[in-house]
Amino acid sequence: MNCPYCGHIDSKVIDSRDTFDGIRRRRQCLACSKRFTTYERLQPVSIFVIKKDRRREEFNKEKLLSGIRKACEKRPLPTGAIDRLVDDIESEIEGLNKAEISSVAIGDMVMKRLKNLDYIAYIRFASVYRDFTDITALKREIDNLVSDEPAGITSTSQLPLIPEAELETRIKPRHRSRK
Ligand SMILES: [Zn+2]
């Protein structure tokens with residue numbers, strides 16, 4: 001708050017006390033040394049989301065929640081996991097103490113958490129949230145997902161087509177040739 005006498009931007013707080021609906025501060029201007037009082041009212045702070053097309057939109061927790069729910073549809077998640085995730089993001093956003101945040105930054109917060117929670121939901125969310133300029137990154141993520149799958153997952157669910165003894169002889173030469 002600028003000094004009401006000289007307009008200087010910096011002042012020091014010489015006294016501060018709580019009132020029933022906020023905080024009253026006695027301040028002294030660092031330029032002209034005159035004293036003035038400010039009142040801070042407590043009110044919920046609106047945070048605006050800057051979208052990719054530069055439009056501003058008030059941060060809406062419900063909207064974020066429904067977007068994440070959609071990505072997590074039919075995924076075997078623990079009860080309340082999505083709500084906790086959104087609460088967590090909300091407090092991270094509030095903790096930034098900024099009036100604005102980009103939708104991309106929020107998307108990154110979501111993806112960081114979904115990645116640990118459920119990979120399929122993560123990929124779904126990423127494909128909606130990131131635009132086509134990021135399709136290479138998305139493809140890379142999917143490739144990683146495929147290569148992360150445990151090997152031999154099909155062989156446990158069906159009988160081996162080759163008898164084990166024969167399989168062994170087929171595998172052995174490969175072991176030898178590696179040396
Ligand atoms: Zn002043």
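Residues numbered from 1 in each chain as written. Predicted model: local features only at pLDDT ≥ 70, side-chain atom pairs only at ≥ 80, totals over all residues. Heavy atoms only, no water.

Student: Outline the coordination of the zinc ion, supporting the account with residue identities and numerical values.
Tutor: Tetrahedral coordination by four donors places them ideally at 109.5 degrees to one another around the metal; octahedral coordination by six donors ideally gives 90 or 180 degrees. Within the protein, the zinc ion binds to Cys3 (SG), Cys6 (SG), Cys29 (SG) and Cys32 (SG); these donor distances fall in the range 2.2 to 2.3 Å. Site description for the zinc ion: donor spacing in sequence, C-x2-C-x22-C-x2-C. Here the residue Cys6 occupies a position in the segment before β1 (11-19), and Cys29 occupies one in strand β2 (residues 22-29), the gap between them amounting to 23 residues. Residue classification places Cys29 among the buried positions, given a relative accessible area of 2%. (Donors = N, O, S within 2.8 Å, 3.2 Å for Na, K, Ca; no water. Helix = DSSP H or I, 4+ residues; strand = E, 2+ residues; numbered from the N terminus. Buried < 20%, exposed > 50% of the residue type's maximum accessible area, 1.4 Å probe, protein only.)

Student: Before we move on, can you summarise unusual backbone geometry with the specific residues and values?
Tutor: Notably, Ser33 is not glycine yet its phi reads approximately 65°, a positive angle. Of the residues examined, Ser33 reaches a relative accessible area of 43% and is grouped as partly exposed. Of note, Asn97 is a non-glycine position whose phi angle comes to about 55°, a positive value. Turning to its location among the elements, Asn97 is positioned in the loop between α2 (81-95) and β6 (100-102). For Asn97, a relative accessible area of 72% gives the class exposed.

Student: Requested: an account of the side chain of Arg27, with residues and values cited.
Tutor: Counting through the fold element by element, Arg27 comes out in strand β2. On the basis of relative accessible area, Arg27 is assigned to the buried category, the value being 14%. Separated by 2.9 Å, the side chains of Arg27 and Thr38 make a polar contact. Other than its neighbours up to four places away in sequence, Arg27 contacts Ser11, Lys12, Val13, Ile14, Lys34, Arg35, Phe36, Thr38 and Glu40. (Polar contact = N/O pair within 3.5 Å; in protein donor to acceptor, adjacent residues only side chain to side chain. Contact = heavy atoms within 4.5 Å.)

Student: Describe the packing of helix α1 (residues 61-71) against helix α4 (residues 119-129), and please don't skip the residues or the numbers.
Tutor: Orientation of α1 relative to α4, taken along the N-to-C sense of each, is 120°, at an axis distance of 8 Å. The angle between α1 and α4 places the two elements in the oblique class. In the packing of α1 onto α4, the handedness of the crossing is right-handed. Contacts from Gly67, Ile68, Lys70 and Ala71 of α1 reach α4 at Ala121, Arg124 and Phe125. (Axes fitted to C-alpha atoms, helices over the stretch in contact; angles between N-to-C directions. Parallel < 35°, antiparallel > 145°, perpendicular 65-115°, else oblique. Left-handed = near helix turned anticlockwise from the far one by under 90°.)

Student: Describe the packing of aromatic side chains, with residues and values.
Tutor: On inspection of all chains with the given rule, the structure shows one aromatic pair. Over the face of the ring belonging to Phe48 we find Arg56, whose NZ or CZ atom lies 4.5 Å from the ring centre. (Phe/Tyr/Trp six-rings, centres within 6.5 Å; stacked < 30°, edge-to-face > 60°. Lys NZ or Arg CZ within 6 Å of the ring centre and 35° of its normal.)

Student: Please provide a residue-by-residue account of the sheet that holds β6, values included.
Tutor: Pairing in this open sheet of three strands is mixed, and the strands run β5-β4-β6 from one edge to the other. Pairing within the sheet leaves two strands with one partner each, and these edge strands are β5 (56-58) and β6. Strand-to-strand twist across the sheet, computed as the mean angle between neighbouring axes with direction ignored, equals 35°. When strand β4 (residues 48-50) meets β6, the two strands line up parallel, connected through three bridges. Within β6, the position partnered with Phe48 by the bridge is Glu100. Packed on one face of the sheet, helix α3 (residues 103-117) meets β4 and β6 and runs near 65° to β6. (Pairing = 2+ DSSP bridges.)

Student: Quick rundown of the pattern of salt bridges? Include the residues and the values.
Tutor: Evaluated as defined, the whole model comprises 13 salt bridges. Across the pair Arg56 and Glu100 runs a salt bridge whose closest N-O atoms are separated by 2.3 Å. Of this pair, Arg56 sits in strand β5 while Glu100 is found in strand β6, placing the two residues 44 residues apart along the sequence. Across the salt bridge formed by Arg75 and Asp118, the nearest N and O atoms sit 2.9 Å from each other. Residue Arg75 is located in the loop between α1 and α2, and its partner Asp118 is located in the loop between α3 and α4; the two are separated by 43 residues in the primary sequence. Assessed through its relative accessible area of 7%, Asp118 is described here as buried. (Salt bridge = Lys/Arg side-chain N within 4 Å of Asp/Glu carboxyl O.)

Honestly, it's all geometry; don't read function into it.
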